[in-house]
Amino acid sequence: WLGMLPLCRALAVRGTEVVIAANHAPSLNDMTAAELKVALPRVPCETVQRLLGEGKLSVCDSGSDDPVIDLRRVSPELAEVARDADLVILEGMGRGIETNLETADLTCD
C-alpha cells in the first residue's frame, strides 16, 4: 500500500474520493485492512491526515485472504464501493485483470 499512497493522496487532493481495499486476512507480505486502518493515521503527512479526517481517503476490507483477487468473491462492502466508482485500480501481485479474464464481466466506457 505504501507504493499506492502517493497516487491515492494525489487523487484525493484533487477531489476524488479514494478507497484503499486491503485483504481481510494476511497473505504473503500484504497488510490487512485492519492493519492499514491503524497504520494510515500514523503516516507522517499532514495532507494524508487531513484527507482521512475529511473522509476523502478511507480503507475497505476486500474480504479476501488470497494473494490474488477473485472479483466474484469480494466483500459486499467492496462490491458496493466499486459499483459507483469512476476508477478502480487493481495493484499488486495477483491483482490484475489476468486473474479474472474467464470469470469477470468487465466493461470499459
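Preceding this paragraph is the structure being described.
It should be emphasised that the depicted structure is a prediction, and the values quoted were computed from it without experimental measurement.

Caption draft 1: Broad picture of the overall build of the protein chain. Per the secondary structure count, the protein chain includes four helices and two strands. Listed N to C, the secondary structure of the protein chain is α-β-α-α-β-α in terms of helices and strands. A burial count over the protein chain gives 29% of its 109 residues as buried. Within the protein chain, contacts between residues separated by at least 24 positions form 63% of all contacts whose residues are at least 6 apart in sequence. Accessible surface for the protein chain amounts to roughly 7,300 Å². Of this, 53% is attributable to carbon and sulfur atoms.

Caption draft 2: Structural context of the side chain of N23. With respect to the helices and strands, N23 occurs in the loop between β1 (18–22) and α2 (33–39). You can call N23 buried: its relative accessible area is 6%.

Definitions and limits used
- Throughout this document, residue positions are counted from 1 along each chain, in the order its sequence is written.
- Totals for whole chains, interfaces and linings use all residues, but because this is a predicted model, local features are given only for residues with pLDDT of at least 70 and pairs of side-chain atoms are given and counted only at 80 or more.
- Hydrogens and waters are ignored; side-chain quantities use all the structure's heavy atoms.
- The way it works is that DSSP assigns letters per residue, a run of H or I at least four long becomes a helix, a run of E at least two long becomes a strand, and they are numbered from the N terminus.
- Working definition: with a 1.4 Å probe on protein chains only, accessible area under 20% of the residue-type maximum means buried, over 50% means exposed, and in between means partly exposed.
- Contacts are assigned to residue pairs with any non-hydrogen atoms lying within 4.5 Å of each other.
- Residue exposure ignores everything except the shown protein chains as possible cover, and the areas themselves are Shrake-Rupley values with a 1.4 Å probe.

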